[in-house]
Amino acid sequence: MASVELKNVAKSFGRVEAVRDVSLTVEDRELVVFVGPSGCGKSTLLRMIAGLEEITSGELMIGGKPMNAVAAADRGIAMVFQSYALYPHMTVAENMGFALKMLGTEKAEIDRKVAEAAGVLQIEELLGRKPRELSGGQRQRVAIGRAIVRQPDVFLFDEPLSNLDAGLRAQMRVEIARLHERLRTTMIYVTHDQVEAMTLADRIVILNRGRIEQQGSPLELYEKPANRFVAGFLGQPKMNFIPTIAGRSQAGTTLAIAVSGRTVLKLGEGVPVTDGSEIELGVRPDTISIAGPLADLAVPGRIVVVEHLGGSSLLYVQVDGLDQLLTVEQRGKADFAKGQEINLLFDTGQSHLFDGGGSRIGSG
Amino acid sequence: MWTIKRFPALWLLPALLPVALMTLYPVAYAFWTSLHSVMLLFPGEPFVGLDNYKRVVSSNYFHDALRNSLVFTLLAAPLVVIIGTLIALFLQRRFFGSQVVRSIVLLPWVLPGAISAVLWIWVFHPSFGVLNGVLRDLHLIDSSIPWLTSPRLALVSVVIAHVWTQIPFAVVLLMAALSGINSETLEAAAIDCRSALKRFRYIVFPEIKAMIVVLIVYNALTAFTSYDLVYAMTGGGPGTATTLLSFQIWRESFSMYDFGSGSAVAFIVVAISAVLIVAITRALPSDLFGE
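Residues numbered from 1 in each chain as written. Chains lettered and ligands numbered in written order. Predicted model: local features only at pLDDT ≥ 70, side-chain atom pairs only at ≥ 80, totals over all residues. Heavy atoms only, no water.

Turning to the overall build of chain B, a few remarks are in order. Looking only at helices and strands, chain B features 13 helices and zero strands. The order of helices and strands in chain B, counted from the N terminus, is α-α-α-α-α-α-α-α-α-α-α-α-α. The dimensions of chain B, computed from C-alpha atoms along their principal axes, are 75 × 70 × 30 Å. The contacts in chain B between residues at least 6 apart in sequence include a share of 66% that link residues at least 24 apart. Approximately 16300 Å² of chain B is accessible, and the part contributed by carbon and sulfur atoms is 72%. Taking the average place of the 17 positive charges on the side chains of chain B and the average place of its 14 negative ones, the gap between the two points comes to 6 Å. (Helix = DSSP H or I, 4+ residues; strand = E, 2+ residues; numbered from the N terminus. Contact = heavy atoms within 4.5 Å. Areas by Shrake-Rupley, 256 points an atom, 1.4 Å probe, with all protein chains shown as cover. Lys, Arg positive; Asp, Glu negative; His and termini not counted. Charge placed at Lys NZ, Arg CZ, Asp CG, Glu CD.)

Encoded structure:
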């Protein structure tokens, strides 16, 4: 059991700065997910915590002890890799017991711990097999089992599910969540998959270009993204971004589509925008509703593509003055057809406003 | 139907015929020769049974050559593989100039045996040799060591030269084997075990074991049948101190023109080589040779 503390940690590979000035505390027993696009530095950060990558500058503490100069084997961590990284010539049982064997643990004790971990993961019948005789999902279980057997202070997961197919990934995601419930150990989980991040995390840390963009609980980040990057990264389907111009008059503040000049949203009082400023309006697909043609502030558009998902439909709508199609998510089994003209209505309370630099101004 | 399952031997003929022509026929002819008295100066090739074998085996020359060849092989083959492994492990690391060092290590490979021999004669030369010079400068010796002219040192010297020529090939194959190991597996090992030595023993070695066995077999054969480098360095001397079995094949065949006896020695070499291969693959079982 231990917390993990990073103070102004940075990593450069030659001239390339992979991680810049990251400060972060992972509390004891917390499950924190590092998420971000590829190349954002999330894996490098995890590997520095593991001791597989030297820390260029800054300080790393695990359980309150400085770890910068401590060998990976002595940090009290266990890691699950994307490629599973099982030892190919060893059986499953030998793989799981290897770390303990290296520590000089007695054979009977190793066997007991391996059997216990195998029980948790329901892989008892695989113990005598070699990794090459296992399926991807089974290999991943063994890799997790190998981590459990060590009883580490901190579990590190480096994109552990990205090599699995979609169905298995969803299943293993639930199992990792249950494992965290059961073990109550500090876990740090790296992924580029925002669904994994949203479903697993106590706290999400969103990284971009080696920096932390925002951290917080999944819902916090979803509902109050600090900037355009976070807003665009979290959420499936992705948030729509509409370039608008703010207009202030006695009637209130409104936003109009920059190109067409059509007013699309009336803002509440106290939103700090100046007349004529460029505002990027962020609207999640599931907050857009469809209205009659006479509704106030309705935006007319034409459906270009319809994706029927069963319980809901995704409409890709061409709106006058916008380069990109707007994505609209409609619950229920309503019938929409390609080419159909519809009117969209944005919800002031669930809209996000970003300034020219991409920072959040507020919600409508 | 002309399916492959129906006439397996027939389908294999295009591949087997050249093998038969280029390998089996000469070997069979050599075996036939070893059982006959085939001398250039005497016409007729009468069957003599094992007489050729008896004669070569009973000569002192054979005893010296066999002993030297065995010592040469038992020293050279393991040394090549052990040093090759150490160098390969070292070169796997990335460091400043590692690419240059990698290229330099391969250099001995491109030199013909005779040129390597000239190089090493100069290294071991009693008066102008680099080795004696260095040892003298370090005040480790007072007088020059006669590397190539004292019987025991001469054998050690030719082993060193031979090992030097064979290392690059071993390094290349071992680096290929090492680079085949999943880097995440090595990282997992680094997290599981602090000792680099133990990680090599339990994780790396099993992964490159098949390659090591191949290299030991290959180097045992190369050393046991070695000829050019040693001949160019010492001519088999002083006396018979560095005389190898391959020399006797040459001597019987092309010096005495007794091809029957030459072939007999050649077949003894083949037989001992076969025993060596079996012994090595038995001692180091790996997936490669059907464990």
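All names here are of chain A. In space, the five strands of this open sheet follow the order β15-β19-β16-β17-β18, with antiparallel pairing throughout. At either end of the open sheet lies a strand with only one pairing partner, and these are β15 (289-291) and β18 (326-331). Strand-to-strand twist in this sheet, taken as the mean axis angle between neighbours without regard to direction, amounts to 50 degrees. In the sheet, β15 pairs with strand β19 (residues 341-345) via three bridges, with the strands oriented antiparallel. Residue pairing in the sheet places isoleucine 290 in a bridge with leucine 344 of β19. (Pairing = 2+ DSSP bridges. Axes fitted to C-alpha atoms, helices over the stretch in contact; angles between N-to-C directions.)

One key point about sheets: their strands pair by backbone hydrogen bonds, in either a parallel or an antiparallel sense. Residue and element names in this part refer to chain A. Here six strands make up an open sheet; going across it, the order is β6-β7-β8-β3-β9-β10 and the pairing mixed. Either end of the sheet is taken by a strand with one partner, and the two such strands are β6 (77-80) and β10 (211-216). Put simply, the sheet's adjacent strands are angled 20 degrees from each other on average, direction ignored. As paired strands, strand β3 (residues 31-35) and strand β9 (residues 203-208) are joined by four bridges and run parallel to one another. Each residue of the ladder has a partner; that of valine 35, found in β9, is isoleucine 206.

Residues and elements named next belong to chain B. It is the contact of helix α8 (residues 151-179) with helix α10 (residues 196-224), at a shortest axis distance of 10 Å, that shows an interaxial angle of 150 degrees. As summarised for this structure, α8 and α10 are arranged roughly antiparallel, according to the angle between their axes. Relative to α10, the crossing made by α8 is right-handed. For the pair α8 and α10, contact is made by His162, Gln166, Phe169, Ala170, Leu173, Leu174, Ala177 and Leu178 and by Val204, Ile208, Met211, Ile212, Leu215, Tyr218, Asn219, Thr222 and Ala223, respectively. The class makeup of the residues in the contact of α8 with α10 is 13 nonpolar, four polar and no charged. (Parallel < 35°, antiparallel > 145°, perpendicular 65-115°, else oblique. Left-handed = near helix turned anticlockwise from the far one by under 90°. Nonpolar A, V, L, I, M, F, W, Y, C, P; charged D, E, K, R; others polar.)

Applying the stated criterion across every chain, the model contains 16 salt bridges over all chains. Between glutamate 109 of chain A and lysine 113 of chain A there is a salt bridge, with the nearest N and O atoms lying 3.6 Å from each other. Note that glutamate 109 of chain A and lysine 113 of chain A are positioned in helix α3 (residues 107-121) at a spacing of four residues, about one turn of the helix. Of the residues examined, glutamate 109 of chain A reaches a relative accessible area of 28% and is grouped as partly exposed. Here arginine 55 of chain B and aspartate 258 of chain B are joined by a salt bridge, their closest N and O atoms 2.7 Å apart. On the criterion of sequence distance, the pair formed by arginine 55 of chain B in helix α2 (residues 51-58) and aspartate 258 of chain B in the loop between α12 (245-255) and α13 (259-283) is long-range, its members being 203 residues apart. For arginine 55 of chain B, a relative accessible area of 42% translates into the label partly exposed. (Salt bridge = Lys/Arg side-chain N within 4 Å of Asp/Glu carboxyl O. Buried < 20%, exposed > 50% of the residue type's maximum accessible area, 1.4 Å probe, protein only.)

One pass over the full model with this rule turns up 22 aromatic pairs over all chains. Ring centres 5.4 Å apart and planes at 10 degrees place the aromatic pair tyrosine 227 of chain B and tyrosine 231 of chain B in the stacked group. According to the relative accessible area criterion, tyrosine 227 of chain B is partly exposed, its value standing at 25%. Through a chain of ring-to-ring contacts, the aromatic side chains of Trp120, Phe124, Trp147 and Trp164 of chain B assemble into a single cluster. Positioned above the aromatic ring of phenylalanine 233 of chain A, the side-chain terminus of lysine 238 of chain A is 5.9 Å from the ring centre. Stacked on the ring of tyrosine 222 of chain A, the Lys or Arg arginine 284 of chain A has its end atom at 3.9 Å from the ring centre. (Phe/Tyr/Trp six-rings, centres within 6.5 Å; stacked < 30°, edge-to-face > 60°. Lys NZ or Arg CZ within 6 Å of the ring centre and 35° of its normal.)

Residue and element names in this part refer to chain A. Following glutamine 236, the chain continues to proline 237 via a peptide bond in cis, the omega torsion being -5 degrees. In this fold, proline 237 is placed in the loop between α8 (228-233) and β11 (240-249). Positive phi outside glycine occurs at arginine 29, with the angle close to 70 degrees.

Once that is clear, we can look at the side chain of serine 246 of chain B. Residue placement: serine 246 of chain B occurs in helix α12. Leaving out residues up to four positions away in the same chain, serine 246 of chain B has contacts with Thr225, Ser226 and Tyr227 of chain B.

All names here are of chain A. In terms of domain boundaries, chain A breaks down into domain 1 (4-233) and domain 2 (240-286 + 296-363). Centre-to-centre, using C-alpha coordinates, domain 1 lies 39 Å away from domain 2. If you look at the interface, domain 1 gives nine residues, while domain 2 gives nine residues. Taking both partners together, domain 1 and domain 2 bury about 820 Å²; carbon and sulfur atoms supply 52% of that area. Linking domain 1 to domain 2 there are one salt bridge. Residue arginine 228 is joined to glutamate 280 by a salt bridge in which the shortest nitrogen-to-oxygen separation is 2.7 Å. (Domains from an automatic or database assignment. Buried area = accessible area lost by both parts, 1.4 Å probe.)

Turning to the confidence of the model for chain B, a few remarks are in order. Any residue range with low pLDDT should be treated as having predicted coordinates unsuitable for detailed reading. Mean pLDDT over chain B works out to 88, with 97% of the residues at or above the 70 mark. Here the predicted complex carries an ipTM of 0.83, next to a pTM of 0.82. (pLDDT = per-residue confidence, 0-100.)

The interface of chain A with chain B comprises 26 residues on the first partner and 16 residues on the second. Connecting chain A to chain B are three salt bridges. Residue arginine 47 of chain A pairs with glutamate 187 of chain B through a salt bridge whose shortest N-O separation is 2.7 Å. At the boundary of chain A and chain B, one finds 11 residue pairs in polar contact (both at pLDDT 80 or more). Every element with two or more residues in the side of chain A that touches chain B is listed here: α1 (42-50), β6 and α2 (92-102) of chain A. Looking at which element gives the most residues to the side of chain A that touches chain B, the answer is α2 of chain A, with four residues. When its residues are assigned to classes, the side of chain A that touches chain B shows 18 nonpolar, three polar and five charged. (Polar contact = N/O pair within 3.5 Å; in protein donor to acceptor, adjacent residues only side chain to side chain.)

A few words now on the nonpolar core. Side chains of nonpolar character tend, in soluble globular proteins, to be buried together. Residue and element names in this part refer to chain B. Ranked by size, the top nonpolar core spans 44 residues in total, and within it Phe72, Val171, Ile208 and Met233 carry the most contacts. Elements with a contribution of two residues or more to this core: α3 (60-92), α6 (113-124), α8, α10 and α11 (228-234). Looking at this core, the element that brings in the most residues is α8, giving 12 residues. For phenylalanine 72, the contacting residues outside a window of four places in its chain are Leu155, Val158, Val159, His162, Ala223, Ser226, Val230 and Leu244. (Core = buried A, V, L, I, M, F, W, Y, C linked by side-chain atoms within 4.5 Å.)

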